[in-house]
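# Descriptive analysis of the structure
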Amino acid sequence: MSWKSCGFRRVGVAGIVALVVYATVLPGRLSRVPAGEVYELVIASGRVMDPESGLDAVRNIGVRAGKVSAISAEGLSGKAVIDAKGLVVAPGFIDLHEHGQQPRNYQFQARDGVTTSLELEVGTDDVPKWYAAREGKSLINFGVSVGHIPVRMKVLHDPGTFLPTGDAAHRAATPGELAEMSQEMEKGFRQGALAEGMGVNYTAAATHSEIVDMFKIAAKYRASVHVHLRYAGMKEPTTGLAALEEVLAAAVATGAPLHVVHITSMGLRYTPDLIAMVEGAQRHGLDVTTECYPYTAGSTSLESAVFDAGWQEGMGITYKDLQWAETGERLTAETFEKYRKQGGVVVIHSIPEEAARTAVANPIVMIASDGTWTVGPKVHPRGQGSFARVLGHYVRDEKALDLMTALRKMTLMPARRLEKRAPVFKDKGRIRVGSDADITIFDPTRIIDKATYEEPLQYSEGIAFVLVNGVPVVKDGQLVDGVLPGRAARAPILQ
Ligand SMILES: [Zn+2]
């Protein structure tokens, strides 16, 4: 059944009796269903795929009080029923790296199957304020790290808005400033930050010793450090590989878990070498993980330290490979200078297709969008289409990886990355009795991203239903108005 014809129907008490749904019975792990039970919502006859148990079979799911309360091969009764015949029923996608944390961003993300959106790379310098701004007002679940970048900007009085442009990028910190930064980071953790954010390329003057200090604090709170590496690219001695060595060493020395963000835009042509380093570190017992987005371009602020002298040689690109997000125009030496003074977002066409494909297909590399913080007319499409692009383009069309592996990379693996620090993630990223009813239901034959560099503000297609804490936020392929079921995904708050 195509997703357009899937019905979501609400029935009266009289109709409940008639709503016994017969599913194809396949062997697998089942829950015991009490006779006569009527669930708030039933997802009927879908192909349920759970990367944790390996379940891949037609099942009926009963939802109650925001949780999965039954998984059965037999029919279940519900006050409302989603007919999921022919559709895949997967855990909702968890995006570890999403700067777009406004209501409009959440709409695009929900249409791309995301049920939990996390800003862990840049993060915030004020954890309670960040959560308070979204509590009770959000379509999907949300969470944040305490960020070394914003904390350094605050302590060194940097004039930048989102990323540093002044002292936080270009000046070493004094001992007093280092102490103040450490206090701010500790405060963020005590207030429930999910992780530690770090972007050494943006805070280029931060010394190696400052980085190790920040890892020590993360280790104390069992928090993973989500790092944009010190260098990206191919020119010795400032290669992505050299930068990876810095944070691997910091992780080994301090015991802090390490998560390397967007490994493709760090490694470029050498992405396979960086992934091999992460794999090797894992094999030798280090808690290190990584992620990628499924595109051949990156994106960031033109005024940031990433474009300090030497960027062309470092990344192996030049002006024409930069696209000004406001207009879509490719840059020249002249417009580069003009726009760098003005400040704004560029799309950076720097990642070889082979590198993107290698990372997307690799079972240890998670999928995370790195969606941009603005909703301009020509922003990078990744915040709108990353997950549908992996499932439609790379799984179905290119056969670069299988569907269960892809789902694992966007559900179970991100949940496991965070669950030691934030136990709320033990109930996310899987479909089992007792898990949160964050569920994405899609047509594997139709799912695809529609957002492009030319027309980035397009919803993905083929995602029929998305539930957040048991509440549909996408129904019959359309956003549902007037529902805000998203909850804070936060680590325990300490006194
Ligand atoms: Zn980054």
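Cut-offs used in this document
- Residues numbered from 1 in each chain as written.
- Predicted model: local features only at pLDDT ≥ 70, side-chain atom pairs only at ≥ 80, totals over all residues.
- Heavy atoms only, no water.
- Phe/Tyr/Trp six-rings, centres within 6.5 Å; stacked < 30°, edge-to-face > 60°.
- Helix = DSSP H or I, 4+ residues; strand = E, 2+ residues; numbered from the N terminus.
- Buried < 20%, exposed > 50% of the residue type's maximum accessible area, 1.4 Å probe, protein only.
- Axes fitted to C-alpha atoms, helices over the stretch in contact; angles between N-to-C directions.
- Parallel < 35°, antiparallel > 145°, perpendicular 65-115°, else oblique.
- Left-handed = near helix turned anticlockwise from the far one by under 90°.
- Contact = heavy atoms within 4.5 Å.
- Donors = N, O, S within 2.8 Å, 3.2 Å for Na, K, Ca; no water.
- Pairing = 2+ DSSP bridges.
- pLDDT = per-residue confidence, 0-100.

### A closer look at the packing of aromatic side chains
Applying the stated criterion across every chain, the model contains 13 aromatic pairs. Between the aromatic rings of Tyr-319 and Phe-336, the centroid separation amounts to 5.4 Å while the plane-to-plane angle is 65°, which identifies the pairing as edge-to-face. On the criterion of sequence distance, the pair formed by Tyr-319 in the loop between helix H11 (311-315) and strand E15 (322-324) and Phe-336 in helix H12 (residues 333-342) is long-range, its members being 17 residues apart. Here Tyr-319 falls in the partly exposed class, since its relative accessible area comes to 21%.

### As for the packing of helix H14 (residues 382-397) against helix H15 (residues 403-410)
Close contact between H14 and H15 brings their axes to 11 Å; oriented N to C, the two are set at 160°. With respect to H15, the element H14 is oriented roughly antiparallel. The two elements H14 and H15 cross, and the hand of that crossing is right-handed. Between H14, through Phe-387, Val-390, Leu-391 and Val-395, and H15, the contact on the second element is made entirely by Leu-403, Ala-406, Leu-407 and Met-410.

### Let's talk about the coordination of the zinc ion
All of the protein donors around the zinc ion are Glu-121 (OE), His-228 (ND1) and His-262 (NE2); their distances to the metal are 1.8 to 2.4 Å. In the primary sequence, the donor residues of the zinc ion line up as E-x106-H-x33-H. With Glu-121 in strand E8 (residues 114-124) and His-262 in the loop between strand E12 (258-260) and helix H9 (263-267), the pair connects residues that are 141 residues apart, well separated along the chain. Comparing Glu-121 with His-262, the two get one shared label, buried.

### As for the sheet that holds strand E10 (residues 196-199)
Taken together, eight strands build an open sheet; the order of strands is E7-E8-E9-E10-E11-E12-E13-E17 and the sheet is parallel. Two strands close off the open sheet at either side, each with one partner strand: strand E7 (93-95) and strand E17 (365-367). Within this sheet the neighbouring strands show an average axis-to-axis angle of 30°, counted without direction. Two strands pair when backbone bridges link them, and strand E9 (residues 141-147) and E10 are joined in this way by two bridges, in the parallel orientation. When the bridges of E10 are listed, Val-146 appears paired with Glu-196. Those strands touched by helix H8 (residues 240-254) are strand E11 (225-228), E12 and strand E13 (288-292), and its axis lies near 165° from that of E12. Each of E13 and E17 is contacted by helix H10 (residues 271-283), which is oriented at about 150° to E13, the strand it contacts most.

### Regarding the environment of Gly-78
Assignment of secondary structure puts Gly-78 in strand E5 (residues 77-83). Looking at Gly-78, the relative accessible area reads 0%, which means it is buried. The sequence separation of Gly-78 and Ala-65 amounts to 13 residues, and the corresponding C-alpha distance is 13 Å.

### Here we look at the environment of Gly-314
With respect to the helices and strands, Gly-314 occurs in helix H11. Overall, Gly-314 belongs to the buried group, its relative accessible area being 10%. The spatial distance from the C-alpha of Gly-314 to the C-alpha of Thr-165 is 20 Å, given a sequence separation of 149 residues. Leave out the neighbours within four places in its chain, and Gly-314 touches Ala-232, Gly-233, Met-234 and Lys-235.

### As for the confidence of the model for the chain
On average, the chain scores 93 in pLDDT, and the residues at 70 or more come to 93%. Least confident of the elements in the chain is helix H1 (residues 13-18), whose mean pLDDT is 40; most confident is E7, at 99. The low-confidence segment residues 1-7 (pLDDT under 50) makes 24 contacts with residues lying over four places distant or belonging to another chain. Of the regions scoring below 50 in pLDDT, residues 10-29 engages in 35 contacts with residues more than four places distant in sequence or in other chains.

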